[in-house]
Protein chains: 2
Amino acid sequence: MVTNSKRRSRVKTALERVRAEDPNAGTRGRLIDAAISTFAAKGFHGATTRDIATAAGMSPAAVYVHFSTKEELLYTIMRDGHTLARDLVRASIATSADPTEQLYRAIYNFTMWHARRHTRARITNYELGAISPDHLTEIRRLRNEINALMRETVENGVAAGQFTTPDVRLTVAALLSITIDVTRWYTESGPTKAEEVAAHYGLLALRVVGAGDHLPRVLADA
Amino acid sequence: MVTNSKRRSRVKTALERVRAEDPNAGTRGRLIDAAISTFAAKGFHGATTRDIATAAGMSPAAVYVHFSTKEELLYTIMRDGHTLARDLVRASIATSADPTEQLYRAIYNFTMWHARRHTRARITNYELGAISPDHLTEIRRLRNEINALMRETVENGVAAGQFTTPDVRLTVAALLSITIDVTRWYTESGPTKAEEVAAHYGLLALRVVGAGDHLPRVLADA
């Protein structure tokens, strides 16, 4: 049996991975961080392995010890990003049996990840066209898992009489859009803290599924 | 005085520009179309003027007759895209004096543009980091106009007692995110027509501003 405290400890672990200052310690991690900033500045196609090596303070030859191609670096960033996002949504849903609470927490934590790690998350979400067909299949599998978790939550909310929607698929697309698009506009230097965006988007998500009446209860409990 | 028929004719003209099969006729337009497909395939930094010329069936020298740099091509795409989007939102709002109707139509038409022209709209929205500081100032001015139009509509709805929101700025950010993110996932080969996405997102937008009760009236009138 999964107790509430076990559930909370699971989501805490997933959140700690998001909050950790240096999620990719060591040489491999330094290379991944360098690749993220280089891809962000020049795009995947415009960035060379030499650019990434320079940003990491290494020689191009040293890069190849860890990653055989530039594409493998991009794939690793996307795979790790999608895996973390999937785990975060899953852990958020596991904190409660109530669809309204599940949705609020999933959107809150998913938004936090996209705001706190906006450069990493932007590359994770927007460079699908640049990876190999095999790698794309793997990334699509992870994306489908995230979609399925959200879809199940919305469907459970509809079944429980808490949510109403004329189209679950498009509603889930919109919920994911609100959070993913944070990576396009959010900056630390802007007027809003990540927590404020996450809390507001949690509320908007409940409105989107027609669960406005449940807001005060979730807020009191969050 | 602006009559209702004049208002409707204005939004019709803006919509016709979106629906037009070939919005950039002539050599200059062929180059812009070629640049859009080349930037989409290789990213701005990865695309060369030669790639764009080849895609347009022209010589690189012929490109320079129309655009002095690759950046000028990108800026032209972004300026035209943002201008069209701004005109479309403005014309949609001008069709009615009722904030609920204004918001529904603005989101419907804005979503239509992002779905129908998803490649053009993706480049318009995601390559801000690649243009010159002067050009970025001009694009930011257009973006601020779109934001101000949406913000004014939401504020008018709150003042009229039709909308409620704890944070207008973040609510407008979420409304724009839902529509702009369509360019990331929408394809003509998917299961949903652009009109269906636009209609569903129009409804979700009204839910986002807490105007769920006004839905049937807007639907009957749309």
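Residues numbered from 1 in each chain as written. Chains lettered and ligands numbered in written order. Predicted model: local features only at pLDDT ≥ 70, side-chain atom pairs only at ≥ 80, totals over all residues. Heavy atoms only, no water.

A. Geometry of the pattern of salt bridges. All names here are of chain B. Counted by the stated rule, this structure contains 24 salt bridges over all chains. Note that R120 and D33 form a salt bridge whose closest N and O atoms lie 2.9 Å from each other. One end of the pair, R120, is in helix α7 (residues 118–126); the other, D33, is in helix α2 (residues 26–46), and 87 residues separate them in sequence. A salt bridge links D80 to R79, with the nearest nitrogen and oxygen atoms 3.2 Å apart. With a relative accessible area of 34%, D80 lands in the partly exposed category. (Salt bridge = Lys/Arg side-chain N within 4 Å of Asp/Glu carboxyl O. Helix = DSSP H or I, 4+ residues; strand = E, 2+ residues; numbered from the N terminus. Buried < 20%, exposed > 50% of the residue type's maximum accessible area, 1.4 Å probe, protein only.)

B. Focus on the interface of chain B and chain A. Opposite the 35 residues of chain B that make contact, chain A presents 35 residues. The contact between chain B and chain A buries some 2700 Å² in all, and 60% of this surface belongs to carbon and sulfur atoms. Of all residues in chain B, L170, R184 and R207 of chain B give up the largest surface area on contact with chain A, accounting jointly for 25% of the area buried on that side. At the boundary of chain B and chain A, one finds zero salt bridges. Mapped onto the side of chain B that touches chain A, the elements with two or more residues apiece are α2, α7, α9 (168–180), α10 (182–185) and α11 (194–208) of chain B. Broken down by class, the residue content of the side of chain B that touches chain A amounts to 16 nonpolar, eleven polar and eight charged. (Contact = heavy atoms within 4.5 Å. Buried area = accessible area lost by both parts, 1.4 Å probe. Nonpolar A, V, L, I, M, F, W, Y, C, P; charged D, E, K, R; others polar.)

C. Just the relation of the copies chain B and chain A, in detail. Between the two copies, chain B and chain A, the superposition gives an RMSD of 0.0 Å; the rotation angle is 180 degrees and the shift along the axis is 0.0 Å. Within this description, the copies of the chain are treated as partners about a two-fold rotation axis. Among all C-alpha atoms of chain B, that of G46 of chain B lies closest to the rotation axis, at 2.1 Å. Interface overlap between copies is the fraction of interface residues in one copy that are interface residues in the other; for chain B against chain A it reaches 100%, indicating a shared surface. (Least-squares fit on C-alpha atoms with pLDDT ≥ 70 in both.)

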